[in-house]
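# A look at the structure
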Number of protein chains: 2
Amino acid sequence: MNSSRIDPLGVSGKSCSTGSSSGAGSFIGDPTQMDRWLLGQLTSGLDDSKVRMVLWDEPVRANRNMLPVTVCIGDRGGLFQMLRDPALYFGDLYSSGRITLDGDLLVLLDEAYRFLDKLPKTSRWLERTRVRKPGLSDSRNNIHHHYDLGNDFYKIWLDREAMQYTCAYYAQSSMTLEQAQQAKMHHVCRKLQLEAGDRVIEAGGGWGGFALFMAQNYGVHVRSFNISKEQITFSREQAQARDLGHLVEFIEDDYRNISGRCDVFVSIGMLEHVGTPNYRQLGELIARVLTPEGRGLVHTIGRDRPMPLNAWIARRIFPGAYPPTLREMMDIFEPNSLSVLDVENLRPHYALTLKHWLERFEQHADVVRAMFDESFVRAWRLYLAGSIIGFLHGDLQLFQVLFARTGANGIPWTRDHTYPPRD
Amino acid sequence: MNSSRIDPLGVSGKSCSTGSSSGAGSFIGDPTQMDRWLLGQLTSGLDDSKVRMVLWDEPVRANRNMLPVTVCIGDRGGLFQMLRDPALYFGDLYSSGRITLDGDLLVLLDEAYRFLDKLPKTSRWLERTRVRKPGLSDSRNNIHHHYDLGNDFYKIWLDREAMQYTCAYYAQSSMTLEQAQQAKMHHVCRKLQLEAGDRVIEAGGGWGGFALFMAQNYGVHVRSFNISKEQITFSREQAQARDLGHLVEFIEDDYRNISGRCDVFVSIGMLEHVGTPNYRQLGELIARVLTPEGRGLVHTIGRDRPMPLNAWIARRIFPGAYPPTLREMMDIFEPNSLSVLDVENLRPHYALTLKHWLERFEQHADVVRAMFDESFVRAWRLYLAGSIIGFLHGDLQLFQVLFARTGANGIPWTRDHTYPPRD
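All values reported here derive from a predicted model rather than from experimental measurement. (Residues numbered from 1 in each chain as written. Chains lettered and ligands numbered in written order. Predicted model: local features only at pLDDT ≥ 70, side-chain atom pairs only at ≥ 80, totals over all residues.)

Let us now look at the overall build of chain A. When you go through chain A residue by residue, the secondary structure sums to 15 helices and 10 strands. Within chain A, buried positions represent 52% of all 423 residues. (Helix = DSSP H or I, 4+ residues; strand = E, 2+ residues; numbered from the N terminus. Buried ≥ 20, exposed ≤ 12 C-beta atoms within 10 Å, placed from the backbone.)

This part covers the relation of the copies chain A and chain B. With an RMSD of 0.0 Å, chain A superimposes on chain B once it is rotated by 180 degrees and translated 0.0 Å along the axis. Considering both components of the superposition, the chain copies are consistent with a two-fold axis. Here 100% of the interface residues in chain A have copies in chain B that are interface residues too; the copies meet face to matching face. (Least-squares fit on C-alpha atoms with pLDDT ≥ 70 in both. Contact = placed C-beta atoms within 7 Å.)

This next bit is on the packing of helix α13 (residues 347-363) of chain A against helix α15 (residues 374-393) of chain A. Residues and elements named next belong to chain A. Closest axis-to-axis distance for the α13/α15 pair is 8 Å, and the angle between their directions is 160 degrees. Considered as vectors, α13 and α15 are oriented roughly antiparallel to each other. As for how α13 packs across α15, the hand of that crossing is left-handed. Between α13 and α15, the residues in contact are R347, Y350, A351, L354, K355, W357, L358 and F361 and W380, R381, L384, A385, S387, I388, F391 and L392, respectively. A class-by-class count of the residues in the contact of α13 with α15 yields 12 nonpolar, 1 polar and 3 charged. (Axes fitted to C-alpha atoms, helices over the stretch in contact; angles between N-to-C directions. Parallel < 35°, antiparallel > 145°, perpendicular 65-115°, else oblique. Left-handed = near helix turned anticlockwise from the far one by under 90°. Nonpolar A, V, L, I, M, F, W, Y, C, P; charged D, E, K, R; others polar.)

Let's shift gears to the packing of helix α3 (residues 86-95) of chain A against α15 of chain A. Residue and element names in this part refer to chain A. The geometry of α3 relative to α15 is characterised by a closest axis approach of 8 Å and an angle of 140 degrees between their N-to-C directions. Accordingly, the angle class assigned to the pair α3 and α15 is oblique. Residue-level contacts link G91, Y94 and S95 of α3 to S375, R378, A379 and L382 of α15. Looking at the contact of α3 with α15, its residues break down into 3 nonpolar, 3 polar and 1 charged.

Reports of interface size often rely on the accessible area that becomes lost once the parts have come together. Opposite the 34 residues of chain A that make contact, chain B presents 34 residues. Considering each element in turn, the side of chain A that touches chain B owes the most residues, 7 residues, to strand β9 (residues 338-345) of chain A. Where β9 of chain A meets strand β9 (residues 338-345) of chain B, 3 bridges bridge the pair, whose relative direction is antiparallel. Bridge pairing links V343 of chain A to V343 of chain B in β9 of chain B. (Pairing = 2+ DSSP bridges.)

A separate point is the sheet that holds strand β1 (residues 51-54) of chain A. Sheet strands pair via backbone hydrogen bonds, and the direction of the pair is either parallel or antiparallel. All names here are of chain A. Taken together, the 3 strands give an open sheet; going across it, the order is β1-β2-β3, and neighbouring strands pair in mixed fashion. At either margin of the open sheet sits one strand with a lone partner, and together these are β1 and β3 (99-103). For this sheet, the mean angle separating the axes of adjacent strands, direction not counted, is 20 degrees. As defined by bridge partners, β1 adjoins strand β2 (residues 69-73) across 4 bridges and the pair is classed as parallel. Within β2, the residue paired with V54 across the bridge is C72.

On to the domain arrangement of chain A. All names here are of chain A. Examined at the domain level, chain A breaks down into domain 1 (3-127) and domain 2 (139-418). Taken together, the 19 residues of domain 1 in the interface contact 19 residues of domain 2. Elements with a contribution of two residues or more to the side of domain 1 that touches domain 2: α3 and α4 (105-118). Sorting elements by how many residues they give to the side of domain 1 that touches domain 2 places α3 first, with 7 residues. Residues belonging to the side of domain 1 that touches domain 2 are distributed by class as follows: 10 nonpolar, 4 polar and 5 charged. (Domains from an automatic or database assignment.)

Moving on, we get to the environment of S337 of chain A. Mapped onto the elements, S337 of chain A comes out in the loop between α12 (326-333) and β9. Exposure remark for S337 of chain A: the 17 C-beta atoms within 10 Å place this residue in the partly exposed category. Spatially, the C-alpha atoms of S337 of chain A and E284 of chain A are 9.2 Å apart, while their sequence positions differ by 53 residues. Residue contacts for S337 of chain A: discarding those within four places in its chain leaves A287, R405 and T406 of chain A together with D304 of chain B.

Okay, α3 of chain A next. Residues and elements named next belong to chain A. With respect to burial, α3 is a largely interior element, 7 of its 10 residues being buried. Where the residues of α3 are buried, they touch α2 (76-84), β3, α11 (311-317) and α15. G97, located one to two residues past α3, shows a positive phi value of around 85 degrees.

Turning our eyes to something else, we now look at the nonpolar core. M214 of chain A together with M214 of chain B are the most contacted members of the largest nonpolar core, which totals 245 residues. With residues near it in sequence (within four places) discarded, M214 of chain A still touches C189, L194, V200, V220 and V222 of chain A. (Core = buried A, V, L, I, M, F, W, Y, C linked by C-beta atoms within 7 Å.)

What follows concerns the sheet that holds strand β1 (residues 51-54) of chain B. Residues and elements named next belong to chain B. Spatially, the 3 strands line up as an open sheet ordered β1-β2-β3, and their pairing is mixed. Looking at the sheet topology across the chains shown, the edges are occupied by β1 and β3 (99-103). Here the strands of the sheet are splayed against their neighbours by 20 degrees on average, with no regard to which way each runs. Here 5 bridges tie strand β2 (residues 69-73) to β3, and the two strands are oriented antiparallel to one another. When the sheet's bridge partners are listed, I73 is paired in β3 with I99.

Buried within helix α10 (residues 279-289) of chain B are the following residues: Y279, L282, G283, L285, I286 and V289 of chain B. One side of α10 of chain B holds all its buried residues, which, seen down the axis, span an arc of 155 degrees. (Arc of directions from axis to C-beta.)

Looking now at the pairing of strand β6 (residues 248-252) of chain A. All names here are of chain A. Strand direction decides the pairing type here: strand β5 (residues 221-226) and β6, joined by 5 bridges, are parallel. In the sheet register, N226 faces β6, and the bridge partner there is E252. In terms of handedness, the path from β5 via helix α9 (residues 229-241) over to β6 forms a crossover that is right-handed. (Right-handed = clockwise from strand over helix to strand, strands pointing away.)

This part covers unusual backbone geometry. With a phi angle near 50 degrees, Q193 of chain A is a residue other than glycine that sits in the positive phi range. Here the phi dihedral of S337 of chain B falls at roughly 50 degrees; this positive angle occurs in a residue that is not glycine.

Another point: the environment of E272 of chain A. Residues and elements named next belong to chain A. Residue placement: E272 occurs in the loop between β7 (262-268) and α10 (279-289). Separated by 27 residues in the primary sequence, E272 and H299 place their C-alpha atoms 9.4 Å from one another. Residue contacts for E272: discarding those within four places in its chain leaves T300, I301, A321, Y322 and P323.

For the rest of this paragraph, the subject is the environment of I332 of chain B. Residue and element names in this part refer to chain B. Along the chain, I332 turns up in helix α12 (residues 326-333). Look at I332 and you get buried, because 29 C-beta atoms sit within 10 Å. Expressed as a C-alpha distance, the spacing of I332 and L55, which sit 277 residues apart in the sequence, is 49 Å. If we ignore the near neighbours within four places in the chain, the residues touching I332 are Y279, L282, G283 and V298.

Listed below in structure tokens is the structure:
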């Protein structure tokens, strides 16, 4: 078997020793009795018909045909870190190649989730990440960290038509990523009952794909706010290229500085970065800008119960991010006389969206490696794969919340308009 | 003009003096300067182009053609009570005829709501009613008070086919009450994807209409729990008459005693009587009885922001009732690994349902009067009319919350199945 075939999942060859001297008190030598005892502690509770963990002296490939996945911890420092806080350190150890796999990363993550589900809900190390209230400059730094990695990087694996870095809507499960992102945008526009001439404010516009889509397909005027400089630049170029500059204005500013009036307020995939302490203020802002019969929609990753973001994701991928529960989201609506009309949970759609993203990412891993390095490729692979499993297990949810002002009576009778007659 | 034409709205004739001696320190005599000053305090803020309030010496009919509604306070005790706590005492004063109207009760209530909307949200007298945790015997007393008024009474004005005393679903706004109640039941069954053979548990089954509907139309097995003796007796008779006894079991017991397993848990219009302190326990119960891939739906009157029930309604009509906010409802789901899939707010549908109920009630007011008395007729008229206005103003909401277990992956891809192809 060609070893390059399994490279995407990070197998290392004959033994997985890294020879690394990093990690507290580590030195390379054969594992001791103590190391093996610690490994036993680490793996107790894992389903040993699916996952096997080995130490650095063990030939990884020997087990290839017997188990879905073998995990090799490459040095003693890595073993100690895994014992101390697997949710935090596994990501770094895997990214740097100090943990290698033979087999399917998704199977490993699936098993890890099953394992975590069995732990008491308030397990100590799940609680490490504390949410604090992001100020304006925190937000800029956090957003820059993730969204300014380069438009070229995201172009590689997002849908080609609208660069939607948010959950798609698979109206039919056989849809391509491009079709499902178009379907998502139509779904949101139908929920909001966009009509030509409506004034729309978008908070957190990504690469401008949705703002341009709304203008092009529904003839609305959009003011789209975003604090990612690279995204704004790209969005403006797109508006010019598609001759939509008269309908869409891209504003490089924080959502907190939104002013004016609008018939429709929409925010797709921004709330994750707002921070619960700011929700009430966001709701005040919406209540200030929305016309009396205005409609709004917030689309966000969420949770069924409150839980901090995985510590490694919070540190390396999404600093400052937090997926809220519906209860937490009510801080936007309840104090501000906004009435929730409709909530749709699209959880399985995000698992499939991520699967499509990961496939494209792997197809172009060489390009990504050339743009960044191997550890970046491994980190993003882990993030995408982990998110798939997170949505499949229900650790993550995807909420679309439609709302209007309390007592506004221009709201639609039914949701029929969201489900146009089918062929 | 024939005075009987306006009798349903309670006009009294030439002067509205009641001659009543009830109320603290009241005696009948012409209103004093102080009485008129107090009336001024009471009416300041009311839109005087719509509502006029007068005292017991004033000829009511003089204003008939000038204003939509004239309110006459019939004695000094009533005036004092209105000043002290209008939300509590108006209902009793109106019911007993110590307050009479010339004009449209709905206009008066609409104006009263507008007036209340302008008050600070924590206005003192809105907060009178405190929620406490209802125990088993409280629940029995509360339910008996309202639902055991006699099946014959409810038959007069509820839909004839299924006696649904909950919000209907006007798939088309031109539907009759009967059509809309059938549509509501189909809507819920579609959301729950009922399949023949499913085991359904219903908590709070009313007169059994929905349990029998599910069995008849979807071939499911239903165990329906209810603590209203009269309703259970009626339900069992219906099951026998329709030859559905082999599919539906009506159990006279509290929801807290539900046991066994079910594929589907459904509760329509019971949560209003459960009390927020019991929500977590209700969720535990659901999580205990539901199969791993089971589905559930809770349908309840709700609020956009927490607020006690109107004091008069709480005292005279619905003791122990409380319409929760979505945030409060999350106590059912969040601690019990239940995942909210879909929330639909049917607020305008309840206003229309109530309008249909009130129309039928007025058509048969004589029958109701013969069953009870005039003050009962007036109390229920006020309750139904007040509820219409409550829903129109957004003081009341109607939430249908669909849920499954966190991470259950048998949930449907989309909501298409709820919206079958239309003609």
